[in-house]
Structures are given as C-alpha cells and as structure tokens.
Amino acid sequence: TARQMAEAVKREFGYCNILLMSAAVSDYTFDHTAKNKIKKGDPDPDINLIPTEDILKGISQNKGNRVIVGFALETENVLDNALRKLREKHLDIVVANNPLAQGSGFQVETNQVFIIHRNGSVQDLPLQSKREVAREILNAVMELYRNPLPEPDVEPDVDIELELEPEDIFEE
C-alpha cells in the first residue's frame, strides 16, 4: 500500500545518498473500506477517495546533501508540470515523459524523456530504448552526485516551450 511504501522510504532514507522515486503507488486511496463483501444486488456503495501521502514531497524536506530524483508522467503541459513538480518537491532532477507520445509509454520498449535539472538545464533525449534512457538518467544523477551544485537561493526561471504537431504525439 501507499502507507507501507511511505513507512519503508522513511525508514531507509537516512541510509541513502541518492533517492530515485520512479512512481507513486497511488495518488488516492479509499476513505474507508467495507467490513464485509459488497455483493451484487446490494445498494450501490458510496466510494470516497482521499489523497495518499506525498512521499517524495515529505521526504525531500530533509534532503541534506542527497541527490533526489523524481519522475513526472504527464499527458499535457509536460515540461511545465514537470518543472512545477521539481520546484514544489525540492528535487535535484525530474524526468518527464508523455506516455501518449509516439513510441513512448507502457506497451513499448522505447521512451522519449526530458531530464530537467534544478539549475534550469533540460536534456531532451531522443526516442530510444528504455535501457538507454535509464543509462542517461543514471549518468545525469551520477554527474550531479560527483559534482554537486549549490542549493539555489531562488528557483530558476526556466522558459520551456515545446512545439509538437499532433502526429508527433499520437500514433496514427
């Protein structure tokens, strides 16, 4: 569960130098669970969702000298939303991708991502194998780990524009 993951991350965080948080277990959970099985024919149950704990945002408050990397799976305003996540969660790097982009997503072996650094630099990686994407991400993380940047006094003002044609995003 999301709660179990949060507990595990908090328990182990003190032992790490680099934290890569690739995915949330779930953004929402049930407000309450039924004590008994809900059977067909019973009245429609009321389902209320509540947000789960934002593990990455909480843990990054105690960042220290660690390198913290988050991921942003976005289907619209990819770079703007990823940059917002980088700032709000005090990340060193955020890796952004759009699963709707041609050749990207869960059902294929390739991906195209942006590696956004807290200093404002953006690496626009071409479509490549997920293994190569992982290698590029780890190279960026290790470079930052070996050559840390000072914490910025002010978050960078990054003006990122992405011009895509519909055929670049959706498979025909």
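Residues numbered from 1 in each chain as written. Predicted model: local features only at pLDDT ≥ 70, side-chain atom pairs only at ≥ 80, totals over all residues. Heavy atoms only, no water.

Looking now at the overall build of the protein. In terms of helices and strands, the protein carries five helices and nine strands. Ordering the α and β elements of the protein from the N terminus gives α-β-β-β-α-β-α-β-β-β-β-β-α-α. Each of the 172 residues in the protein was classed as buried or not, and the buried ones make up 35%. Counting every atom, the protein has about 11,900 Å² of accessible surface; 48% of that belongs to carbon and sulfur. (Helix = DSSP H or I, 4+ residues; strand = E, 2+ residues; numbered from the N terminus. Buried < 20%, exposed > 50% of the residue type's maximum accessible area, 1.4 Å probe, protein only. Areas by Shrake-Rupley, 256 points an atom, 1.4 Å probe, with all protein chains shown as cover.)

A few words on the sheet that holds strand E5 (residues 93-97). Across the sheet, five strands lie side by side as E1-E4-E5-E7-E8; this open sheet has mixed pairing. Bordering the open sheet on either side are strand E1 (18-21) and strand E8 (122-124), each of which pairs with just one other strand. Neighbouring strand axes in the sheet, compared pairwise and without regard to direction, differ in orientation by 15 degrees on average. (Pairing = 2+ DSSP bridges. Axes fitted to C-alpha atoms, helices over the stretch in contact; angles between N-to-C directions.)

Right, let's talk about a nonpolar patch on the surface for a bit. Taken together, Tyr28, Phe30, Ile47 and Leu49 make up a surface patch of nonpolar side chains, about 460 Å² in accessible area. Here tyrosine 28 shows up in strand E2 (residues 28-30). (Patch = residues over 30% accessible without salt bridge, like charges linked within 9 Å, V, L, I, M, F, W, Y side chains within 5 Å. Salt bridge = Lys/Arg side-chain N within 4 Å of Asp/Glu carboxyl O.)

Quick look at the confidence of the model for the protein now. Of all residues in the protein, 88% have pLDDT values of 70 or greater, and the mean over the chain is 86. When the criterion is pLDDT under 50, residues 161-172 qualifies, and its contacts beyond four places in sequence or with other chains add up to 15 contacts. (pLDDT = per-residue confidence, 0-100. Contact = heavy atoms within 4.5 Å.)

Unlike most non-glycine residues, asparagine 77 shows phi in positive territory, near 45 degrees. Inspection of the secondary structure assignment puts asparagine 77 in the loop between strand E4 (67-73) and helix H3 (78-88). The phi dihedral of histidine 90 falls on the positive side, at around 55 degrees, and the residue is not glycine. Tracing the backbone shows histidine 90 in the loop between H3 and E5.

Our next topic: the pairing of E4. For E4, the tally of buried residues reaches five of seven residues, placing the bulk of the element in the interior. With four bridges connecting them, E1 and E4 associate as parallel partners. When the bridges of E4 are listed, leucine 19 appears paired with isoleucine 68. As defined by bridge partners, E4 adjoins E5 across five bridges and the pair is classed as parallel.

Looking at the secondary structure, you find aspartate 92 in the loop between H3 and E5. We classify aspartate 92 as buried; its relative accessible area is 3%. In terms of polar contacts, aspartate 92 uses its side chain to reach the backbone amide nitrogen of isoleucine 68, at 2.8 Å. Excluding anything up to four places from it in sequence, aspartate 92 contacts Lys63, Arg66, Val67, Ile68, Leu86, Ile116, His117, Arg118 and Leu144. (Polar contact = N/O pair within 3.5 Å; in protein donor to acceptor, adjacent residues only side chain to side chain.)

Along E5, five of the five residues are buried, which leaves the element largely enclosed by surrounding structure. Once the chain exits E4 it traverses H3 before rejoining the sheet at E5, and the crossover so formed is right-handed. Where E5 and strand E7 (residues 113-117) come together, five bridges link them in antiparallel fashion. Bridge pairing links valine 95 to isoleucine 115 in E7. (Right-handed = clockwise from strand over helix to strand, strands pointing away.)

Judged by nonpolar contacts, the single largest core of 21 residues is most densely connected at Leu19, Val94, Ala96 and Ile116. Going through the elements one at a time, helix H1 (2-13), E1, helix H2 (55-59), E4, H3, E5 and E7 are the ones with two or more residues in this core. Counting residues per element, this core draws most heavily on H3, which supplies five residues. Excluding residues within four positions of it along the chain, alanine 96 makes contact with Ala72, Val78, Ala82, Gln112, Val113, Phe114 and Ile116. (Core = buried A, V, L, I, M, F, W, Y, C linked by side-chain atoms within 4.5 Å.)

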